[in-house]
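What follows is each chain in one-letter form.
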Amino acid sequence: MEYGGLIYLDNAATTYPKPPEVYGETVKAMLNYGGNPGRGAHSLSLAAAKKIYECRESAAALFGISDPERVIFTLNTTYGLNTVIKGMLKSGDHVLISDMEHNAVYRPIYKMADQGQITYDIFHSYPHETKDRTKRICSDIVQKLRRNTRLVICNHTSNICSLKMPIKEIAELCKRSGVRLLVDGAQSAGHEKIRVDEMGIDALCVPGHKGLYGIQGSGMVILGRGIKLSTLVEGGNGVNSLEGKMPDFTPERYEAGTLPTPAVSGLCEGIKFVKAVGEERIAEREKELFRQTRERLGNIEGVKIYLPQHEGSVLLFNVEGFSAEEIGERLNREGICVRSGHHCSALGHRTLGTADSGGVRVSFGVFNNNEDIEELAAAVNKTVKER
Ligand code: PMP
């Protein structure tokens with residue numbers, strides 16, 4: 001869809017546009033229930049709190065957990081990941097992370113290790129393996145587990161290509177080994193089904209502003225049953241106000257300070273939108289767009305597509321004779337928004353062998369159509385011919 005004269009193919013960074021009802025509800029929140037949720041018994045505060053609870057319930061249903069109290073609102077995925085990582089790990093712990101992680105996982109782990117608090121190892125995602133990939137990933141994790149491993153962290157879908165991790169199998173193996181599993185769902189929430197309890201995930205971190213079509217400033221942690229974390233941030237939330245200690249119960253234990261009611265209200269509509277369209281239909285549509293892009297770009301001389309066999313919402317490519325940044329700039333001049341470079345994933349680009357070059361990332365959303373892909377291919381073609 002052409003929006004504001006531009007073709008937007010950077011939905012992995014944040015989806016754009018949002019469904020009209022998301023904008024509508026965000027504005028309505030500011031105009032009609034602008035009180036501070038949970039901070040008073042007056043009608044504007046109660047209305048805000050009610051809306052926030054409605055969003056908690058919708059998110060709980062979407063992610064398959066029985067109690068909405070296990071939905072914690074955060075600013076974005078990064079804040080959620082930091083909340084879980086720093087709240088779960090103790091001095092002397094060992095952690096396993098995948099070789100496709102985003103800096104939102106890698107940097108907090110790196111810092112804690114650098115300060116001598118924890119140690120970590122990286123397990124392989126075997127992106128080029130066609131046979132027995134799941135088995136190889138699991139056996140690599142098993143080999144790298146240590147007596148003091150507390151946590152395994154991996155993303156569900158990569159943000160530089162559409163590679164997925166076998167979450168259910170990794171979760172089973174973690175349960176058997178008495179290790180917790182944290183899943184970064186930044187690129188899968190809203191794109192495919194995630195059922196936290198059924199899949200055995202101990203904590204899932206998701207953005208509100210990507211595949212759930214909320215606005216920026218929204219994100220969530222979905223906690224597994226019985227998971228209790230040490231707090232990352234302490235402060236007021238209108239509960240147990242006479243005590244110095246943060247409450248023991250969720251979600252208040254992890255939600256210090258004023259929640260962004262407008263963002264949460266918008267997210268509530270975004271979740272309704274995803275439910276109405278259906279995650280399976282969204283995934284199928286994105287795969288169709290992926291296949292079309294793969295075919296059109298694949299026909300252009302000098303274009304290299306990475307992991308073309310892994311179909312999904314993200315496609316990474318480079319063009320011989322051009323830097324990724326150059327392609328990004330030229331596409332921008334043609335009114336096409338993509339993201340070039342390293343996409344905050346040093347680990348992922350090292351794994352794909354693109355650490356030196358980076359890549360051009362095209363990422364789809366529900367508002368993209370086949371014409372967008374034709375325009376993208378025409379623009380890449382034009383660039384190549386001008387070489
Ligand atoms: N993890 C992954 C896999 C991502 O793609 C992103 C966003 N690019 C993040 C984490 C960070 O998300 P946010 O911007 O919502 O903090």
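Below is a summary of the structure that appears in this document. (Residues numbered from 1 in each chain as written. Predicted model: local features only at pLDDT ≥ 70, side-chain atom pairs only at ≥ 80, totals over all residues. Heavy atoms only, no water.)

Turning to the overall build of the protein chain, a few remarks are in order. From N to C terminus, the protein chain includes 12 helices and 14 strands. Its C-alpha atoms give the protein chain principal-axis dimensions of roughly 70 × 55 × 35 Å. For the protein chain, the residues scored as buried account for 55% of the 387 residues in total. If you take every contact in the protein chain between residues at least 6 apart in sequence, the share linking residues at least 24 apart comes to 68%. As displayed, the protein chain offers around 16,200 Å² of accessible surface, 49% of which is attributable to carbon and sulfur atoms. Taking the 48 positively charged and 48 negatively charged side chains of the protein chain as two groups, their mean positions are separated by 4 Å. (Helix = DSSP H or I, 4+ residues; strand = E, 2+ residues; numbered from the N terminus. Buried < 20%, exposed > 50% of the residue type's maximum accessible area, 1.4 Å probe, protein only. Contact = heavy atoms within 4.5 Å. Areas by Shrake-Rupley, 256 points an atom, 1.4 Å probe, with all protein chains shown as cover. Lys, Arg positive; Asp, Glu negative; His and termini not counted. Charge placed at Lys NZ, Arg CZ, Asp CG, Glu CD.)

With that settled, consider the packing of aromatic side chains. According to the stated counting rule, one finds five aromatic pairs in the structure shown. Judged by centre distance (6.1 Å) and plane angle (90°), the ring pair of tyrosine 213 and phenylalanine 367 falls under edge-to-face. A residue pair is termed long-range when its members are at least 10 positions apart, and tyrosine 213 in the loop between β8 (203–207) and β9 (219–223) and phenylalanine 367 in the loop between β14 (359–363) and α12 (370–385) qualify at 154 residues. Among the aromatic residues, those joined into a cluster by ring pairs are Tyr213, Phe273 and Phe367. (Phe/Tyr/Trp six-rings, centres within 6.5 Å; stacked < 30°, edge-to-face > 60°.)

The next point concerns the site of the ligand. What surrounds the ligand is the set Asn76, Thr77, Thr78, His102, Ala104, Asn159, Asp184, Ala186, Gln187, Pro207, His209 and Lys210. At 2.5 Å from an oxygen atom of the ligand is found a side-chain nitrogen or oxygen belonging to threonine 78. Histidine 102 is positioned such that a nitrogen or oxygen atom in its side chain is 3.3 Å from a nitrogen atom of the ligand. Across the complex, the protein chains shield 90% of the 400 Å² of accessible surface that the ligand would expose by itself. (Near = heavy atom within 4 Å. Polar contact = N/O pair within 3.5 Å; in protein donor to acceptor, adjacent residues only side chain to side chain.)

Below, the discussion takes up the environment of glutamate 169. On the secondary structure map, glutamate 169 appears in helix α6 (residues 167–177). Overall, glutamate 169 belongs to the partly exposed group, its relative accessible area being 36%. For the pair glutamate 169 and threonine 134, spaced 35 residues apart in the sequence, the C-alpha separation amounts to 7.6 Å. Among all residues touching glutamate 169, those that are not within four sequence positions of it are Thr134 and Cys138.

Another aspect to go through is helix α9 (residues 279–298). If you check α9, its first and last C-alpha atoms are 28 Å apart, about what 20 residues at 1.5 Å a residue would give, namely 28 Å. Three or more residues of α9 are buried, namely Glu279, Ile282, Glu286, Leu289, Phe290, Gln292, Thr293 and Leu297. Along the axis of α9, the buried positions cluster into a sector of 165°, meaning they face one direction only. Exposed residues lying more than 90 degrees from the buried face of α9 are Glu280 and Arg281. Buried residues belonging to α9 abut α2 (43–62), α8 (261–277), β10 (303–306), β11 (314–319) and α12. (Expected span 1.5 Å × (residues − 1). Arc of directions from axis to C-beta.)

Turning to the environment of serine 357, a few remarks are in order. Mapped onto the secondary structure, serine 357 falls in the loop between α11 (346–352) and β14. Using a relative accessible area of 34% as the deciding quantity, one classes serine 357 as partly exposed. Distance from serine 357 to glutamate 198, taken between C-alpha atoms, is 40 Å for residues 159 residues apart in sequence. Here serine 357 is in contact with Tyr306, Asn318, Ala324 and His342, once residues within four sequence places are set aside. A polar side-chain atom of serine 357 sits 3.5 Å from a polar atom in the side chain of asparagine 318.

A word on the packing of α9 against α12. Look at α9 against α12: their axes get within 10 Å of each other, and the N-to-C directions meet at 25°. When the axes of α9 and α12 are compared, the pair comes out roughly parallel. Where α9 crosses over α12, the handedness of that crossing is right-handed. Contact residues: α9 offers Arg285, Leu289, Gln292, Thr293, Arg296 and Leu297, while α12 offers Asn370, Ile373, Glu374, Leu376, Ala377 and Val380. Of the residues that constitute the contact of α9 with α12, the class distribution is six nonpolar, three polar and three charged. (Axes fitted to C-alpha atoms, helices over the stretch in contact; angles between N-to-C directions. Parallel < 35°, antiparallel > 145°, perpendicular 65-115°, else oblique. Left-handed = near helix turned anticlockwise from the far one by under 90°. Nonpolar A, V, L, I, M, F, W, Y, C, P; charged D, E, K, R; others polar.)

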